[in-house]
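# Observations on the model geometry
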Amino acid sequence: MIRGVIFDLDGVLVLTDELHFQSWQQLTAAEGIHFDRSINQRLRGISRMESLEIVLERATRKYTSAEKAALAERKNSIYLTYLQRLTPADLLPGVVDTLAELRRRRIKTAVASSSKNVPIIMERLGLHAWFDAVADGNDITRSKPDPEVFLLAARRLGLPPVECLVIEDAQAGIESARRAGMAVFGIGTPASLPGVARLAPDLAHVTVDELLRVD
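Residues numbered from 1 in each chain as written. Predicted model: local features only at pLDDT ≥ 70, side-chain atom pairs only at ≥ 80, totals over all residues. Heavy atoms only, no water.

### Observations concerning the sheet that holds strand β5 (residues 183-187)
Counted only if it meets this: Between any two strands, at least two bridges found by DSSP are needed for them to pair. A run of DSSP states H or I qualifies as a helix once it reaches four residues; a run of E qualifies as a strand once it reaches two. Both are numbered from the N-terminal end. Contact criterion: two residues are considered in contact whenever any of their non-hydrogen atoms come within 4.5 Å of each other. To obtain an axis, a line is fitted to C-alpha atoms, over the contacting stretch when the element is a helix, and the angle between two such axes runs from 0 to 180 degrees between their N-to-C directions.
Taken together, the six strands give an open sheet; going across it, the order is β3-β2-β1-β4-β5-β6, and neighbouring strands pair in parallel fashion. What marks the edges here is a single partner per strand, and that holds for β3 (133-135) and β6 (199-200). Across four bridges, strand β4 (residues 164-168) lies against β5 in parallel orientation. The residue bridging I167 from the neighbouring strand is F185, located in β5. Of the strands in this sheet, β4 and β5 touch helix α8 (residues 171-179), which is tilted by about 170 degrees from β5.

Okay, here's the thing in structure tokens:
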């Protein structure tokens, strides 16, 4: 029986992929590093520093640890500027209706994301009132696919993992949820999430009954 639903943020509640892409593109252009959308796709669901290591695969020189930290901070500063444009109108289809129905059924809800920018994104989107708990990159030492963030979210909901459902759009997040011993529902397509039996393109294309139906 599912008593708690844990949502990833980016790609499930709001789509910030384009903002991340533009931020990395601005940074890499200044550094003379090749960056394109296929590389950006590899960054979905992982931490900022892990993303930076992938970005630097195309660099023509080695960066020191201090330089990497500075690059990550520059990228985040750019990204935070873009985040100021977010409003509740940027919520993905079906989000509010799904959250409202879960609340009506007294199902607990949480956000679990590797991002350290979750608080500002949720504030810009007006999401805080909808959730009972939040676990993000500020709280963890190991990012997805490690299960730490989902296990922390479940603890903050006061629920065992077996009673939690994770809604995820990234392969790293799917693996993380499975390692946590939780049920999974994917947001995406069979091509983007191979091996995920239950999925939909967004929350507008799935009912709460379907979400909570765990075989």
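### Considerations on the side chain of D202
Convention followed: Using a 1.4 Å probe on the protein chains alone, a residue whose accessible area is under 20% of its type maximum counts as buried, one over 50% counts as exposed, and one in between counts as partly exposed. Pairing of N or O atoms within 3.5 Å defines a polar contact, subject to two protein rules: one partner must be a possible hydrogen donor and the other a possible acceptor, and residues neighboring in sequence count only if both atoms are side-chain atoms.
In this structure, D202 sits in the loop between β6 and α9 (208-212). The class of D202 is buried, set by a relative accessible area of 15%. Of note is the side chain of D202, whose polar atom sits 2.9 Å from the backbone nitrogen of A204. Side chain to side chain, D202 and H205 meet in a polar contact 2.8 Å long. Residues contacting D202, with those up to four places away along its chain left out, are P93 and I187.

### Here's the deal with the nonpolar core
Counted only if it meets this: Residues enter a nonpolar core if they are buried and are Ala, Val, Leu, Ile, Met, Phe, Trp, Tyr or Cys, with the set joined through side-chain atoms within 4.5 Å.
Of all hydrophobic cores here, the largest spans 51 residues; its most connected members are V5, F7, L13, L127, I167 and L203. The residues touching V5, leaving out its near neighbours within four places in the chain, are L102, I107, K108, T109, A110, L165, I167 and L212. Core analysis: the second largest hydrophobic core is formed by 22 residues, L157, A177, A180 and V184 among them.

### Focus: the pairing of strand β1 (residues 4-7)
Side chains of β1 alternate between two faces, with G4 and I6 and V5 and F7 buried alike. Where β1 lies against strand β2 (residues 108-112), four bridges are found, and the strand directions are parallel. What sits directly across from G4, in β2, is K108. Here β1 runs beside β4; their pairing, made up of four bridges, is parallel. Residue G4 lies in a different strand from β4, and its bridge partner there is C164.

### Topic: the pairing of β5
Selection rule: With the strands pointing away from the viewer, any crossover whose connection runs clockwise from the first strand over the helix to the second is right-handed.
Across the five residues that make up β5, a large majority, five, are buried. As a crossover connection, the stretch from β4 through α8 into β5 is right-handed. Pairing analysis gives two bridges linking β5 to β6, with the strands arranged parallel. Its bridge partner being in β6, G186 is matched across the sheet by L199.

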